[in-house]
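A structural walkthrough
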Amino acid sequence: MIVASYVMIVLNTGFWHRLVNLFEGQPLVWGCFAAGTWTLTLLLLELFGPGPLQKPVAALLILVAAVAHYYESAFGVLIDDEMVRNVFETTVAESRHLITADALLRIGLTGVLPAALVFWPRIARRPLWHQVWRWPVGIAVTASLTVAFVLTDYKAYSAALREHHDLMGSYQPGATLNAVLRFAKAQIPTVAIEAKPYGTDAQPGPLLEAAEKPVLLVLFVGETVRAQNFGLNGYDRNTTPELARRPVIAFTDVTACGTSTAVSVPCMFSPLNSEEYEHEAFLGSENLLDVLGHAGFDVKWWDNNTGDQKVAERTGWQTIDPTLDQAACAQGECTDAVFLPLIRQQAAEITRNTVLVLHMIGSHGPAYYLRYPPEAAAYLPDCRTASFSDCSNEQIVNTYDNTIRETDRVLSGALDILSEADGVTPAMLYLSDHGESLGENGLYLHAAPSFMAPEQQTKVPMVMWLSQGFESALGLDGTCMAGLAGRPASHDNLFHTVLGLLDVETEVRSDPLDLTAGCRPVEGA
Ligand SMILES: [Zn+2]
């Protein structure tokens, strides 16, 4: 009971805040719900901690709640199964920025210390048979109490739970345990999932077939760049001065499939649209890269982020080599400028139609300051730590905007290299995976569950560049494309637009989702 009370009072401030707001002025209503949640915590302790397991389980639940509570109160993030997936699919380099001195201190005081104290009192154990009947009785009693409290006003509670998923989503340790269980459940069948062939009929269309030089599409998969802070999308700060000077097409109303890399990246390459997207279904089918392979493209994926997210499972991928540009990797992690020598090298070497996927580190937080060289900071003061509590909001936004300036420099540098590459027919497409919260409504970072994801996390920039050689070889009208750039688009368009752009013919390409469809001359005309 002491452990349950501690967890409820100290490690559930987000939950209390939401509960009291939701039932404002109805103390009896929220009081009974709170009592029901307290007995639920007791139920968890009973359920997982019979007999000798009692102390370790209590300690573990305190730790889980303390870690989740810290990240919720520091960044406004709620732990759900996608967040758990992120934790498992994130590289060590990336996650160490979340482990700051502030995090260690607060988790130590609210988690590790109380968890250790649990082992202090000596408990005289009853004989085994006594414990055997006490366990189910304890579960039955706490479960009945929980149900009873909820039944005091079931109508109000059921509506609230349906409407406000974030209420129980912020209840610790329940929400985190639930997320871990759901994630684990989702892992079991995936081991055996094999990707079914898809779009195996893909072949070069007549224009691609007739292209004199090999076609090279550089596809930048951006990271955490949100549309609101992208200069080309009308941000009042010109964060994209270099791109603005070049003949690019900026799509200004693009919606991401998810709010995290682990969802958005597979989803954008998947033939599934955002509504039907599920991780298992994604694993069960080939994706855009495979279809390009069927059409005879050489598909290469270089990664400066957390890996291919299983998108390039069959076409292959590799981590970017830091020795390509030692200056870009001087801070220990490479900025995306490391891609530029690679693009130069590829543009000079390729002899076949090629799609080069470059997975950027972009604006990945919270260590935004590592994404650009310190001397390139355009907006000062910036925040040169991953601990947001040490910086003002102005500094955080400055730092974030500096990362977009770096993306701007890298994309423009790529365009300059490609414009001068005379052995290929080049084009470039840039698409960010999801946005970022920078303190709006108390939220930071990303990965908000879709039901509560704010626009800052879901609206992303997309930029296209077609060389003149590409336009004439592939029969595309860039001026027409630019005229349509304001129409609503989403990650769902990537699959079909890349196939359309490259004149890949296949049954699985859908013209309504191909953004280039309205801007190519009608065949045979
Ligand atoms: Zn991401």
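The structure under discussion appears in the preceding block.
Residues numbered from 1 in each chain as written. Predicted model: local features only at pLDDT ≥ 70, side-chain atom pairs only at ≥ 80, totals over all residues. Heavy atoms only, no water.

Turning to the side chain of Thr-239, a few remarks are in order. As for its placement among the helices and strands, Thr-239 is situated in the loop between β2 (215-222) and α13 (241-244). At 2.7 Å, the side chain of Thr-239 forms a polar contact with the backbone oxygen of Asn-229. In contact with Thr-239, other than residues within four places in its own chain, are Asn-229, Phe-230, Gly-231, Tyr-379, Asp-401, Ile-404, Arg-405 and Asp-408. (Helix = DSSP H or I, 4+ residues; strand = E, 2+ residues; numbered from the N terminus. Polar contact = N/O pair within 3.5 Å; in protein donor to acceptor, adjacent residues only side chain to side chain. Contact = heavy atoms within 4.5 Å.)

Right, let's talk about helix α9 (residues 154-163) for a bit. The complete set of buried residues in α9 reads Tyr-157, Ser-158 and Ala-160. Seen along its axis, α9 keeps its buried residues to an arc of 165°; they face one direction. More than 90 degrees from the buried face of α9, the exposed residues found are Lys-155, Arg-162 and Glu-163. Close packing links the buried residues of α9 with α2 (13-22), α3 (27-48) and α8 (128-151). (Buried < 20%, exposed > 50% of the residue type's maximum accessible area, 1.4 Å probe, protein only. Arc of directions from axis to C-beta.)

The subject of this paragraph is the sheet that holds strand β4 (residues 298-303). Sheet architecture is open: eight strands sit in the order β5-β4-β6-β2-β7-β10-β3-β11, paired in mixed fashion. The open sheet terminates on both sides in strands that have one partner only, identified here as β5 (318-319) and β11 (489-490). Bridge count between β2 and strand β7 (residues 425-432): eight bridges; the pairing is parallel. Bridging across to β7, Val-221 finds its partner in Leu-431. Contacts from helix α18 (residues 393-420) reach β2, β7 and β10 (459-466), with the element oriented near 170° to β7. (Pairing = 2+ DSSP bridges. Axes fitted to C-alpha atoms, helices over the stretch in contact; angles between N-to-C directions.)

Attention shifts here to the coordination of the zinc ion. The coordination sphere of the zinc ion, as far as protein atoms go, consists of Glu-223 (OE), Glu-223 (OE), Thr-261 (OG1), Asp-433 (OD) and His-434 (NE2), spread over 2.0 to 2.7 Å. As a motif over one chain, the donors of the zinc ion read E-x37-T-x171-D-H. With Thr-261 in helix α14 (residues 261-269) and Asp-433 in the loop between β7 and β8 (437-438), this residue pair connects regions lying 172 residues apart in the sequence. Across this residue pair, the class does not change: Thr-261 and Asp-433 are buried. (Donors = N, O, S within 2.8 Å, 3.2 Å for Na, K, Ca; no water.)

Our focus in this paragraph is the pairing of β2. Along β2, eight of the eight residues are buried, which leaves the element largely enclosed by surrounding structure. By the bridge criterion, six bridges tie β2 to strand β6 (residues 354-359) in an arrangement that is parallel. Of the residues in β6, the one forming a bridge with Leu-216 is Thr-354.

So, on to the state of the cysteines. Counted according to the given criterion, the structure contains four disulfides. Two residues, Cys-329 and Cys-334, share a disulfide whose sulfurs are 2.1 Å apart. Given an S-S torsion of about 105°, the disulfide between Cys-329 and Cys-334 has right-handed geometry. Exposure class is identical for Cys-329 and Cys-334. Each is buried. The disulfide bridge from Cys-480 ends at Cys-519, spanning 2.0 Å between sulfur atoms. Across the S-S bond linking Cys-480 and Cys-519, the dihedral sits near -70°, which makes this disulfide left-handed. Here Cys-480, found in helix α21 (residues 478-483), pairs with Cys-519, found in the segment after β12 (504-505); they are 39 residues apart in sequence, far enough to count as distant. Taking the relative accessible area as the measure of exposure, Cys-480 reaches 25% and is therefore partly exposed. Shown here for the protein is a disulfide pattern of 1-2, 3-4, 5-6, 7-8, where each number marks a bonded cysteine counted in sequence order. (Disulfide = S-S within 2.5 Å.)

Quick look at the pattern of salt bridges now. This model, assessed by the stated rule, comprises 16 salt bridges. Here Glu-72 ties to Arg-18 by a salt bridge, and the two come within 2.9 Å at their closest N and O atoms. Separated by 54 residues along the polypeptide, Glu-72 in helix α4 (residues 54-75) and Arg-18 in helix α2 bring together distant segments of the chain. Asp-81 is the partner of Arg-182 in a salt bridge, and the nearest nitrogen-oxygen pair spans 3.4 Å. Highlighted residues: Arg-182 in helix α11 (residues 174-190) and Asp-81 in helix α5 (residues 81-89), separated in sequence by 101 residues. Taken together, the salt bridges that share partners define one network made up of Glu-242, Arg-245, Arg-246 and Asp-416. (Salt bridge = Lys/Arg side-chain N within 4 Å of Asp/Glu carboxyl O.)

Interpretation in functional terms is not warranted from these geometric data alone.
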